[in-house]
4 protein chains.
Amino acid sequence: MAGNSFGQLFKLTTFGESHGLAIGGIIDGCPSNLLIDANFLQQEMDRRKPGQSSITTQRKESDQVEFLSGLFEQKTTGAPIAFIIKNSDIRSQDYADIKNVYRPSHADFTYEKKYGIRDYRGGGRSSARETAARVVAGAIAKLLLQKNSVSIQAYVSQIGNIKLNKAYQELDLNIAEQNIVRCPDAQKSNEMIAEIEQAKKEGDSLGGIITCIIKNTPVGLGEPVFDKLHADLGKAMLSINAVKGFEIGSGFSAISMKGSEHNDEFVLKNKQVKTKTNYSGGIQGGISNGEDIYFNIAFKPTSTILQPQHSIDNTGKEVMLEVSGRHDPCVVPRAVVIVEAMAALVITDHFLRNKIYST
Amino acid sequence: MAGNSFGQLFKLTTFGESHGLAIGGIIDGCPSNLLIDANFLQQEMDRRKPGQSSITTQRKESDQVEFLSGLFEQKTTGAPIAFIIKNSDIRSQDYADIKNVYRPSHADFTYEKKYGIRDYRGGGRSSARETAARVVAGAIAKLLLQKNSVSIQAYVSQIGNIKLNKAYQELDLNIAEQNIVRCPDAQKSNEMIAEIEQAKKEGDSLGGIITCIIKNTPVGLGEPVFDKLHADLGKAMLSINAVKGFEIGSGFSAISMKGSEHNDEFVLKNKQVKTKTNYSGGIQGGISNGEDIYFNIAFKPTSTILQPQHSIDNTGKEVMLEVSGRHDPCVVPRAVVIVEAMAALVITDHFLRNKIYST
Amino acid sequence: MAGNSFGQLFKLTTFGESHGLAIGGIIDGCPSNLLIDANFLQQEMDRRKPGQSSITTQRKESDQVEFLSGLFEQKTTGAPIAFIIKNSDIRSQDYADIKNVYRPSHADFTYEKKYGIRDYRGGGRSSARETAARVVAGAIAKLLLQKNSVSIQAYVSQIGNIKLNKAYQELDLNIAEQNIVRCPDAQKSNEMIAEIEQAKKEGDSLGGIITCIIKNTPVGLGEPVFDKLHADLGKAMLSINAVKGFEIGSGFSAISMKGSEHNDEFVLKNKQVKTKTNYSGGIQGGISNGEDIYFNIAFKPTSTILQPQHSIDNTGKEVMLEVSGRHDPCVVPRAVVIVEAMAALVITDHFLRNKIYST
Amino acid sequence: MAGNSFGQLFKLTTFGESHGLAIGGIIDGCPSNLLIDANFLQQEMDRRKPGQSSITTQRKESDQVEFLSGLFEQKTTGAPIAFIIKNSDIRSQDYADIKNVYRPSHADFTYEKKYGIRDYRGGGRSSARETAARVVAGAIAKLLLQKNSVSIQAYVSQIGNIKLNKAYQELDLNIAEQNIVRCPDAQKSNEMIAEIEQAKKEGDSLGGIITCIIKNTPVGLGEPVFDKLHADLGKAMLSINAVKGFEIGSGFSAISMKGSEHNDEFVLKNKQVKTKTNYSGGIQGGISNGEDIYFNIAFKPTSTILQPQHSIDNTGKEVMLEVSGRHDPCVVPRAVVIVEAMAALVITDHFLRNKIYST
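Residues numbered from 1 in each chain as written. Chains lettered and ligands numbered in written order. Predicted model: local features only at pLDDT ≥ 70, side-chain atom pairs only at ≥ 80, totals over all residues. Heavy atoms only, no water.

(A) The arrangement of the relation of the copies chain B and chain A in detail. Rotating chain B by 180 degrees and moving it 0.0 Å along the rotation axis overlays it on chain A with an RMSD of 0.0 Å. Both copies of the chain, as the preceding transformation shows, are related through a two-fold rotation axis. (Least-squares fit on C-alpha atoms with pLDDT ≥ 70 in both.)

Listed below in structure tokens is the structure:
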């Protein structure tokens, strides 16, 4: 069972390699009669697009989405929704020199050993190019969630050692999309941009943290015991290229707290059962409790750097690898929309799954 | 689609509530002709058992596993393996006083809202009692992995603020099972035990970190793009009660490193392709590369404490909740075997999935 | 991926061998708050039970169902429902003489070759004893369907060469359960019984046809293009031991009709869109259209006979096999409730799946 | 969970409507390093193509397959294989007159009720145009099976009342592809063609039977108890448009046989365990036994006819429907390759699933 599908009832299957004819996907299980807002969809694509600012790779991709099926007069019909994004600006010859070499911390070695064959052009299937298909599906999921009042927003909270030391409640999240690093703090965003520009100059790369906030989920999403809502969110995030860690609510900071501090006491607010604190991150026993869901995701520094590195080629010889050309010093700002897309897929899937219990 | 199954080819489905007649599960997809070592299985159960030491709950459970099917003359037959563990020492009356109250940071509220009905006895399905079934299946998975030379070992690396500041390579992991807190450092383990005893006295609780090491996996486990090996490990760990975070390899510490530091250069060792460093944690592009797989899991402090807490009952009235009786100040030492079990389920499942590509 | 689970949202996983400690199953995905009527459940079990009449095997099984989980005060909680049926009246020694021999048209040979091991006692996992678990799950599905006004009834329409030459609309189906062969025609049922008694005397066996009628399904059940409602019904029926054929609506008789005869014209009845004829069998394009769903299932004559047969043993020697002891000359009357159970599982599963499209 | 995917390990997901931009699919789980023979693939497409002879619809479709991913230098890479077939010769205006009318025995009514919206152009998703994607995937599956010596061949054995009264062993199956009706008997094929031409003249339609033979499967394919090999074959066949019945081996004719006649005695042939007869159709206990697998599939007469029919429109008014234009009097000859494709998908999937048990 290969792993190119995600979700149970709202199921996305993706395909495509970095330098093939096209990438894309099929969404199976989208409820019918959903109006697909093409403008919104393209905006989401543009948030992920390479070349959108001075701090990302200058590879140009038009990222135009074409729908092949599942829509009739702009509405979903209940049939599978297939879409493709043609690859353009493909310079496969750029990769001829690495075709026999395993780039450090890339997937070249593992793909070649697993499959006995490797499409080396641009990383083939292991390229983050594939995440464009996730953004398309995520945008459609967001449209469905909007109709149910659920909102999802992610932002950059750390780049390298530059850290935003504020909880999300203290921030104006609207600011995030107003700067190219997508950090909702003007001062910090400038520091982050400077940090990335410095790494770019050095031919080096940086990692960071994205924080994601989901508001207004109904109580009841999540399926114990294995498909707990945060377990599915965690898997979704860890499936994104370069992600090394995930924490929900209090996360790793819970360790230094005692139960008497960490427990979220129940209180009444407007006659509704709410919690006083929200260390649980909106999920208890694996099921959403109606409070904000929030989580952090750690991204490693990008593996492609422009400095020489030791490696091995596929004949078993030691080589010195030197990559030149385009380079993305920090993918974290562009990954914000991917994080939101994966969150939207998880929440939508559980929204549909929870319908079993409605009477 | 309810969430009580885990795995694709080696599939565990669990059932059972804390105070029902029995808990248990069915394993479907276990290869045939595997000898089930009953002693090993019981040892694993004993590592999870409550009441095993002074620092855990004193609830007694015999935790005797009965196999109902799938074995013939101690060997697996390829038929589904069903097993039950009868519940004993059930004091349901202990729970009569909380039957209408939502315990803070427990699943009482979310279960009642999701399902419209709640088995309040001992937390019902949300009880960690359920993890006993995972240990049974994990033990069988371990037997299969042993035949393929894969080993899995987890240990406690932090309790509250007491932290083991050593990498796993610097430790003698054999020491871990020689103390009741399962920390592979004599000095630190004593400090941790003292910390737990103090919390116990205060009717409070503590969290911690478990580190898990998987050695000798073949190259090739993991299915891009969604079922990356660490994504499935992450989901597995986050599905364990009280887990708040997961990080693979360098994890959250990757953020403060540059690509030039973090990349794992390839080198030849004994004519084999190996990596000089292992920040990747044994997984690249979602596929195992043959290096050690290692990850950390954060556990929150247990939600059950013996101090008074504010809450709400199911008629919407504010109440003061005071729980008495048995209490587990820190579940982390007992969770070590659960972490190993879930890791074993993931690795075994991917071992079988990877067979597609063998020719 | 082993094949012991059935259904997507209402999922049954079964376990158990003919001569193990118990058989049983887990139902995952049953909506909560469904009252389980224990009397109804036992009645259904009794309809399948061996030894219920002079024309079935005299093997005695108490067929008492014990629920281990998922119920609280007789209602489903949304947690997985586990149940077991202990095996009694096990005479494994009866099977010592066939332990090395492959019984013709049984699964002995294929199981041994596939798994490299065989639980030969009573056919092990391949025994029809397993269908008892299906009847339990089917009974619960029926309770859910009853709340939604759907009814399912099957009956015997042919035994050997004795055929009931009437369409179901011409019959009083209530008569079916009043005779031991479950045929809704007094005259024919007597002939069928005589036929079975004759086969019993000869140590031979008979096959037959079961017809199943499902009334009052809502319009909309079935998921094109692969999970068409009749495709899932067909798979369900073909998974029952001894079934060799399935036809929906007009079935094989459609071949000798022209389109102008076979098409079901639409008409208005009580202002509702109905069809004048129903050759489609209540399903069009794979989706229920609200008309009666009806289908036929062909059962081969039971493989166990008391006459000598040529065979091979597992050392490759030709042997003469002579089975003595208990023997079921015709399983068709007892299979009526199994057919209904599988139909109920399919309809319930699609009922839940169809909820995706409700707005 | 929508139903547009088929298979567990070799999984096909299809998309596309009759008059959308394209139809196509994704195959996930195809083993790597399989050489895709483009000529063979196009031959298979041509066998299904409309307009190939005087007895089929004259709609023209180029049916050119474009692969978008998963291949590198003509070989599979282990990545998902996406392919599209653009729709051409689309005359959507032909359908304007039926846009509000439910065509008898078509899916118009059920789709509109299920989804609340209908793409009426050419039947939308319910069109048999979708089966072209199955043929692509089936061709790839056949290439994999060829490497493992398995062969699959189907042929027409009945059209209307013209029946081929011979068992497949008595026929020269090579003749089948030499006539336009795909019947391996020169005399009968002429009679069938005449029958179809007569129906065409009358604006009427005919059904028929396709017989399929699978040779050289290894012993061991099929997963009891629900995913028996013939249960999965049955579902596959019943998911094809216009199929009303399926029978494996002796099928419905088993009913009039006694166990002593029907049982397949084991014998030694060339020191191998074989069966003397093969009423089982190559499958025992749901698992292939190495004998030929054979089965029959009943197709109803096509629903589109050129005669006036009573119907209802979507405002609830009774109307007289008269369809003109292109018309397929009998789809059975073109369905031969679809049957083979679905058989290839099932056998390939079970081939991969069976690898679990190899040691």
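(B) Examining the side chain of E291 of chain B more closely. All names here are of chain B. Mapped onto the fold, E291 is located in the loop between strand 15 (287-288) and strand 16 (293-299). Here T275 takes part through its backbone nitrogen, which lies 3.0 Å from a polar atom of the side chain of E291. The residues contacting E291, other than those within four sequence positions of it, are T217, K274, T275, N278 and G282. (Helix = DSSP H or I, 4+ residues; strand = E, 2+ residues; numbered from the N terminus. Polar contact = N/O pair within 3.5 Å; in protein donor to acceptor, adjacent residues only side chain to side chain. Contact = heavy atoms within 4.5 Å.)

(C) Layout of the interface of chain C and chain B. Facing 42 residues of chain C, the contacting portion of chain B comprises 42 residues. When the two sides are added together, the surface that chain C and chain B hide from each other amounts to roughly 3,300 Å², 63% of it contributed by carbon and sulfur. Looking at the side of chain C facing chain B, the largest losses of area belong to L68, F72 and I117 of chain C, adding up to 19% of the total buried there. Across the contact surface, chain C and chain B share 0 salt bridges. Seen at the junction of chain C and chain B, the total is 10 residue pairs in polar contact (both at pLDDT 80 or more). (Buried area = accessible area lost by both parts, 1.4 Å probe. Salt bridge = Lys/Arg side-chain N within 4 Å of Asp/Glu carboxyl O.)

(D) Spotlight on the pattern of salt bridges. Within the structure shown, the criterion is met by 104 salt bridges over all chains. The partner of D232 of chain B in a salt bridge is R353 of chain B, with the nearest N and O atoms 3.7 Å apart. With D232 of chain B in helix 5 (residues 229-238) and R353 of chain B in helix 7 (residues 332-353), the pair connects residues that are 121 residues apart, well separated along the chain. A residue is classified by how much of its surface remains accessible, and D232 of chain B, at 9% relative accessible area, is buried. As a salt-bridge pair, D292 of chain D and K215 of chain D come within 3.0 Å of each other at their nearest N and O atoms. In this pair, D292 of chain D is assigned in the loop between strand 15 (287-288) and strand 16 (293-299) and K215 of chain D in strand 10 (residues 208-215), connecting sequence segments 77 residues apart. Overall, the relative accessible area of 34% leaves K215 of chain D in the partly exposed class. Because the salt bridges share partners, they merge into one network encompassing E44, R47, K142, E177, R182 and E340 of chain A. (Buried < 20%, exposed > 50% of the residue type's maximum accessible area, 1.4 Å probe, protein only.)

(E) Up close: the nonpolar core. In this structure, F295 of chain A, F295 of chain B, F295 of chain C together with F295 of chain D are the most contacted members of the largest nonpolar core, which totals 374 residues. For F295 of chain A, the residues in contact, after removing those within four places along its chain, are I210, T211, C212, I214, L233, M237, F246, E247, I248, V339 and A343 of chain A. (Core = buried A, V, L, I, M, F, W, Y, C linked by side-chain atoms within 4.5 Å.)

(F) Geometry of the pairing of strand 3 (residues 22-28) of chain B. All names here are of chain B. Of all the 7 residues making up strand 3, 7 are buried; the element is thus mostly covered by neighbouring parts of the structure. Burial along strand 3 is two-sided: the face carrying A22, G24, I26 and D28 and the face carrying I23, G25 and I27 are both buried. Where strand 2 (residues 11-15) and strand 3 come together, 5 bridges link them in antiparallel fashion. Considered in strand 3, the bridge of T14 is made with G25. Count of turn residues in the strand 2/strand 3 antiparallel hairpin: 6 residues, of which G16 carries a positive phi of about 115 degrees. Pairing between strand 3 and strand 7 (residues 81-86): 6 bridges, direction antiparallel. Looking at strand 7, one finds that I27 is bridged to I81. (Pairing = 2+ DSSP bridges.)

Bear in mind that shape data such as this cannot, by itself, settle questions of function.
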